[in-house]
Amino acid sequence: MSAFYPVIPAGGSGTRLWPLSRAGHPKFLHPLTGGDRTLIQETVDRLKYVSLPGDTFVVTGAAHAAAVARQLPEVPASNIVVEPGPRESGPAIALAAALIHRKDPDAVMGSFAADHVVRDVRTFVNTVRTAIETAADGKLVCIGITPTGPEVGYGYIRCGDHLATGARAVLEFKEKPSAEVAQGYLDSGEYVWNAGMFVWRADALLGEVERQLPDLHSGLMKICESWDLPRRDEVLAEVWPRLPKISVDHGVMEGAAARGNVAVVPAAFGWNDLGDWDTLGAVLEPDDEGNTVVGAHDRIITIDTSGAMIVPGSSRTVALLGMRDVVVVDTPDALLVCPRDRAQEVKSLVEALKSKGAGNLC
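Reading the values: rules and limits
- Residues numbered from 1 in each chain as written.
- Predicted model: local features only at pLDDT ≥ 70, side-chain atom pairs only at ≥ 80, totals over all residues.
- Heavy atoms only, no water.
- Buried < 20%, exposed > 50% of the residue type's maximum accessible area, 1.4 Å probe, protein only.
- Helix = DSSP H or I, 4+ residues; strand = E, 2+ residues; numbered from the N terminus.
- Contact = heavy atoms within 4.5 Å.
- Domains from an automatic or database assignment.
- Buried area = accessible area lost by both parts, 1.4 Å probe.
- Salt bridge = Lys/Arg side-chain N within 4 Å of Asp/Glu carboxyl O.
- Polar contact = N/O pair within 3.5 Å; in protein donor to acceptor, adjacent residues only side chain to side chain.
- Nonpolar A, V, L, I, M, F, W, Y, C, P; charged D, E, K, R; others polar.
- Core = buried A, V, L, I, M, F, W, Y, C linked by side-chain atoms within 4.5 Å.

**Q** Got a sec to walk through helix α1 (residues 39-47)? Specific residues and values, please.
**A** Most of α1 sits out of view: eight of its nine residues are buried. Taken together, the buried positions of α1 are occupied by Leu39, Ile40, Gln41, Glu42, Thr43, Val44, Arg46 and Leu47. Looking at the buried residues of α1, the elements they touch are β1 (4-10), β2 (57-61), α2 (62-71), β5 (117-118) and α4 (121-135).

**Q** Go over the domain arrangement of the chain, please, and point to the residues and values.
**A** How big an interface is tends to be stated in terms of the accessible area lost upon association of its parts. Along its sequence, the chain is carved into domain 1 (4-272) and domain 2 (278-361). Taking only C-alpha atoms, the centre of domain 1 and the centre of domain 2 are 30 Å apart. With 13 residues of domain 1 at the contact, the number on the domain 2 side is 20 residues. Summed over both sides, the interface of domain 1 with domain 2 buries roughly 1500 Å², with 65% coming from carbon and sulfur. For the pair domain 1 and domain 2, the interface holds one salt bridge. Where Asp333 meets Arg22, a salt bridge forms, and the shortest distance between an N and an O atom there is 2.7 Å. Linking domain 1 to domain 2 there are six residue pairs in polar contact (both at pLDDT 80 or more). In terms of residue class, the side of domain 1 that touches domain 2 is made up of six nonpolar, four polar and three charged.

**Q** Report on the nonpolar core, specifying residues and quantitative values.
**A** Soluble globular proteins tend to pack their nonpolar side chains together in the buried interior. Ranked by size, the top nonpolar core spans 68 residues in total, and within it Ile40, Phe112, Phe124, Met197, Val199, Phe269 and Trp277 carry the most contacts. Per-element tally for this core: the top contributor is α4, with six residues. If sequence neighbours within four positions are ignored, Ile40 has contacts with Ile8, Ala10, Phe28, Leu29, Val58, Val68, Gln71, Leu72 and Ala114. With 48 residues, the next largest nonpolar core counts Val59, Val170, Leu206 and Val264 among its residues.

**Q** Any chance you could break down the environment of Trp18 for me, citing the residues and the numbers?
**A** With respect to the helices and strands, the residue Trp18 is situated in the loop between β1 and α1. When its relative accessible area of 7% is taken as the criterion, Trp18 is described as buried. Separated by 259 residues in the primary sequence, Trp18 and Trp277 have C-alpha atoms spaced 8.9 Å apart.

**Q** Which residues make up the pattern of salt bridges, and what values do they have?
**A** Under the criterion given, the structure shown has 17 salt bridges. For Asp203, the salt bridge identified is with Arg201, shortest N-O distance 2.9 Å. On the accessibility criterion, Arg201 (19% relative accessible area) is buried. A single network of salt bridges, built from pairs that share partners, joins Arg158, Glu172, Lys174 and Glu190.

Here it is in structure tokens:
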């Protein structure tokens, strides 16, 4: 088997985890799971069981490249690919595929977000190995999460026939559903959550990109031709802004699934995408009153308070009295207080700050 090359797209600002997560220091650069390792470090840690650190690639923005390099000294500097601007996951992952294919024409690669949580690493590793085996014959492979409830915040994948490797054929991708539709998916037993984790041969992905997104493919080939030349930055600056801005799901996977060329490996390994403060609270262990604290506990006082999600990030003491199911995130320049059941709406606060000219807080 050829070497396995993980690709970690590390972009975005994690606006639903504001005010801790900011554009200049997004959530994947923070330790959020109770230890001292950041989310991107934990991502690399669990991938070491299926690859060598020198075979890992990270695609990130210029604003984050230095911090990524500091946090991941085991990843070669040449494997930290800096995109000139955000173009969604399609161009970012396809560029990494082109660079990996140039290095190893038989390479199998995977894409794993920098900001996800995986609790059961052993099962995760076994799932990735099954995906690698399934991808060897040219299939584009998703890793799907066995649903634990009718979640409306995730996309879904409809599973078809079982394959020899233990994977299943993918019949179609579904957008985030209503609660009623999500319950129907759950009841049918035919659907898994789309975790945004993919495994494929680099040449298989590039073949689909060429077929479905020829403009993206031709632009990436121009970039790759200049990659080791002094004019790389010039070519990137010229070509990158003109590439289609599209996710790998919509740009590649949906069309490939319609042709019967996509498989999924269903699994349950304690996955969470940390979409907001409430979901982070569900990942961490609460105290006897059901309160969850990220970080130092010595500056937290709670009386007659339960179900709180508390993140102390300044030198102040945070005190809660008679509160139920709230989020409190304290940073040196911003304080967030909201009900946990409205945590997904925190993004609207970031948009409001920008509209008021306070983008420096975002």
